[in-house]
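Per-entry structural report
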Amino acid sequence: MSNVTGTRVHRSHLPLVAAATGGTPSRRPVWFMRQAGRSLPEYRAIRANHGMLESCFDAELVCEITMQPVRRHDVDAAILFSDIVVPLKAAGIDLDIVAGTGPVIAEPVRSAEAVSRIPRLEPASVGAISHAIELLLAQLGDTALIGFAGAPFTLASYLIEGGPSRNYERTKAMMHGDPETWAELMARLADITIAFLQVQLEAGVDAIQLFDSWAGMLSAADYQRFVAPHSARVLAEVAGYGVPRIHFGVGTGELLAPMAHVGADVIGVDWRVPLDEAVRRVGPGKAVQGNLDPTLLFAGPEVVDSEVRRVVADGDRAIAAGAVGHIFNLGHGVLPGTDPDVLTRTVELVHSL
């Protein structure tokens, strides 16, 4: 069954969409976070002559990089090549992605006055993203396309800390010490995230994933009070498009239930919690995604074989425990030194089981 929302016929027959929505997929869907990137020599060849942000705002480069792992691995989904800070850059915030460090903010946001200067995201400023999606949909055939964005908390932590952080002390200090400024910052970032996802959904992505990469640094109480309402607003604003909404964070075993209940259809699980245990924490009615430890791809073929089979069995137990489906993935992103052939063999094995 297909339904039309906006400009797009939703392709419920695709394995990823079927698994996410309680259908019967033709095969167990598999894709990898960070599947397009430094593990691929063809990606490194492109990046030798193009900066990260330059690549993210060039529709043809976005299309090519997004397609590379689809061609190589036969994954069941492409994820739009981008970065979680792209909508911030497009909105006019002065930042760069520094090799070996990550996003670096020129003027960190640490006051109510600085929050008040955060601009809105105009859809035209990410027109290259829409064009890239059009190019991709012409090539992907029966491979799903996942759009994505960073969740407001993770974006806020970058803006406040000025870049990646180990302890998030400035972020937590604002959260607790100036909750009004925190709430205004999160509201503005939710607006930017919603606008960015809507551009992707209007262009025709088959699913979206909201990455709250650093939510695992929070207690459950802090997550519920300071973060969940804003993530819930993001996911509620895109619910009408009728595509699966995936939600994922790292180190979020203690947050699985509240993260799932902000409006996700699929809850991503990192490698620390077995999928069937994740379902017990979340409750029935959601699909699960995950969760092979990405470091195990370095451990040799026998280990990879046994661990892939274990995750698939965990996924089957998760479905028996009430999950509506299982999407095979890693418990975080592909590490840069990963042998691409190991990923290809992993896809083949998942599809054979």
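Along each chain, residues carry numbers from 1 onward, in the same order as the chain's sequence is written. Reporting in this predicted model follows two pLDDT cut-offs: at least 70 for local features of residues, and 80 or more for side-chain atom pairs to be given and counted; totals over whole chains, interfaces and linings ignore these cut-offs and use all residues. In computing side-chain values, all of the structure's heavy atoms are included and hydrogens and water are not.

1. Some points on the layout of surface pockets
One way to see where empty space is left: roll a probe the size of a water molecule over the atoms. Heads up, the rule is: Only protein atoms enter the calculation, which uses a 1 Å grid: trapped sets of points that fit a 1.4 Å probe without letting it out are cavities, open sets showing protein on both sides within 12 Å along at least five of seven lines are pockets, and any residue with an atom within 4 Å of a point is a lining residue. Grid points are joined across faces, edges and corners, and a volume is the space filled by probe spheres set on the points. In this text, helices come from DSSP runs of H or I with a minimum length of four residues, and strands from runs of E with a minimum of two, each type numbered from the N-terminal end. Throughout, the ten residues Ala, Val, Leu, Ile, Met, Phe, Trp, Tyr, Cys and Pro are labelled nonpolar, Asp, Glu, Lys and Arg are labelled charged, and all others, Gly among them, are labelled polar.
Estimated volume of the largest pocket: approximately 1200 Å³. Looking at the largest pocket, it is lined by 38 residues, and the ones nearest its centre are Arg34, Arg38, Met52, Ser82 and Asp83. Mapped onto the lining of the largest pocket, the elements with two or more residues apiece are α2 (41-47), α3 (52-56), β4 (95-98) and β5 (102-105). For the lining of the largest pocket, the residue count by class is 21 nonpolar, 11 polar and six charged. Its boundaries defined by the atoms lining it, the second largest pocket holds a volume of some 210 Å³.

2. Quick look at helix α4 (residues 59-73)
How we decide: Working rule for helices: expected span equals 1.5 Å times residues minus one. We define the bend at each residue as the angle formed by axes fitted to the 7 residues ending at it and the 7 residues starting at it. Type-normalised accessible area, obtained with a 1.4 Å probe on protein chains alone, sets the label of each residue: buried when under 20%, exposed when over 50%, and partly exposed for intermediate values. By the convention used here, residues are in contact when the closest approach between their heavy atoms is within 4.5 Å. Each polar contact in these results corresponds to two N or O atoms within 3.5 Å; when the atoms are within protein, one needs to be able to donate a hydrogen and the other to accept it, and residues that are neighboring in sequence are counted only if both atoms are side-chain atoms.
End to end, α4 covers 22 Å across 15 residues, agreeing with the expected 21 Å (1.5 Å per residue, within 8%). The sharpest bend along α4 comes to roughly 30°, located at Met67, with the proline Pro69 sitting one to four residues further on. For α4, the tally of buried residues reaches 11 of 15 residues, placing the bulk of the element in the interior. Turning to α4, its buried residues are Ala59, Leu61, Val62, Cys63, Ile65, Thr66, Met67, Gln68, Pro69, Val70 and His73. Where α4 is buried, its residues touch α2, α3, β3 (77-79), α7 (127-140), β6 (144-150) and α15 (340-352). Capping the start of α4, Asp58 holds a side-chain oxygen 3.1 Å from the backbone nitrogen of Glu60, two or three residues further along. Of the residues flanking the end of α4, it is Asp74, one or two places downstream, whose phi is positive at about 60°.

3. Some thoughts on the UniProt feature "binding site: substrate" (unreviewed entry) in the protein
The test is simple: UniProt positions are given in the numbering used here, feature names are shortened, and annotations may be inferred rather than shown by experiment.
UniProt records the feature "binding site: substrate" (unreviewed entry) at Arg34, Gln35, Ala36, Gly37, Arg38, Asp83, Tyr158, Ser213 and His332, using the numbering of this structure. Spanning 299 residues, the named residues are also spread out in space, since their farthest C-alpha pair is 23.1 Å apart. Lining residues of the largest pocket drawn from the annotated set just named are Arg34, Gln35, Ala36, Gly37, Arg38, Asp83, Tyr158, Ser213 and His332. Mapped onto the fold, Arg34 is located in the loop between α1 (15-20) and α2.

4. Here we look at the packing of helix α14 (residues 301-320) against α15
This is how the line gets drawn: Whenever a helix is involved, its axis is fitted only over the stretch in contact; in every case the axis is a line through C-alpha atoms, and angles between N-to-C directions fall within 0 to 180 degrees. By definition in this entry, angles of less than 35 degrees are roughly parallel, angles greater than 145 are roughly antiparallel, angles of 65 to 115 are roughly perpendicular, and the rest are oblique. Handedness of a helix crossing follows the sense of rotation of the near helix relative to the far helix, less than a right angle counterclockwise being left-handed and clockwise being right-handed.
Contact geometry of α14 with α15 gives a least axis separation of 10 Å together with a crossing angle of 40°. Overall, the two elements α14 and α15 adopt an arrangement that is oblique. You can see that α14 and α15 cross each other, and the crossing is right-handed. Contact residues: α14 offers Val304, Asp305, Val308 and Arg309, while α15 offers Val342, Thr346, Leu349 and Val350.

5. Brief notes about the side chain of Arg245
Looking at the secondary structure, you find Arg245 in strand β8 (residues 245-248). Looking at Arg245, the relative accessible area reads 13%, which means it is buried. A polar side-chain atom of Arg245 sits 3.1 Å from the main-chain carbonyl oxygen of Leu235.

6. A look at the pairing of strand β11 (residues 326-330)
Along any regular strand, the residues point their side chains to alternate faces of the sheet. Spelled out, the test is: Following DSSP output, two strands are said to pair if at least two bridges run between them. Here a crossover is taken to be right-handed if, once the strands point away from the viewer, the path from the first strand over the helix to the second is traced clockwise.
Here β11 lies mainly inside the structure; five of its five residues are buried. Burial along β11 is two-sided: the face carrying His326, Phe328 and Leu330 and the face carrying Ile327 and Asn329 are both buried. One ladder, built from five bridges, connects strand β10 (residues 287-292) with β11; its direction is parallel. Paired with Leu292 across the two strands is Leu330, which belongs to β11. On the question of chirality, the crossover connecting β10 to the parallel β11 by way of α14 is right-handed.

7. A short note on the UniProt feature "site: Transition state stabilizer" (unreviewed entry) in the protein
Taking the numbering used here, the UniProt-annotated feature "site: Transition state stabilizer" (unreviewed entry) corresponds to Asp83. In this structure, Asp83 sits in the loop between β3 and α5 (86-91). Residue class for Asp83 comes out buried when judged on its relative accessible area of 16%. Ignoring anything within four residues of it in the chain, the contact list for Asp83 reads Met52, Cys56, Ile97, Pro103 and Phe148. Within the local environment of Asp83, its side chain forms a polar contact with the backbone nitrogen of Val85, the two atoms lying 3.0 Å apart.

8. Quick word on the pairing of strand β7 (residues 207-211)
Here β7 lies mainly inside the structure; five of its five residues are buried. Both faces of β7 are covered, namely the face carrying Ala207, Gln209 and Phe211 and the face carrying Ile208 and Leu210. Direction of pairing for β6 relative to β7: parallel, over a ladder of five bridges. Bridge assignment links Phe148 to a residue of β7, and that residue is Gln209.

9. Quick notes on unusual backbone geometry
Of the consecutive residues Gly290 and Asn291, the connecting peptide bond is found in the cis state with omega at -10°. Its location among the elements puts Asn291 in strand β10. Phi is positive for Arg34, which is not a glycine, with a value near 60°. Despite not being glycine, Tyr168 has its phi angle at roughly 60°, a positive value. Here Tyr168 is to be found in the loop between α8 (152-161) and α9 (169-177). Classification of Tyr168 by relative accessible area gives buried; the value is 4%.

10. Section: the sheet that holds β10
One open sheet accounts for seven strands, arranged β3-β6-β7-β8-β9-β10-β11; its pairing is parallel. In the strand order of this sheet, the two ends are held by β3 and β11, each with one partner. Averaged over neighbouring strand pairs, the angle between their axes works out to 25° when direction is ignored. Contacts between α7 and the sheet are confined to β3 and β6, with β6 contributing the most and set at about 150° to the helix.

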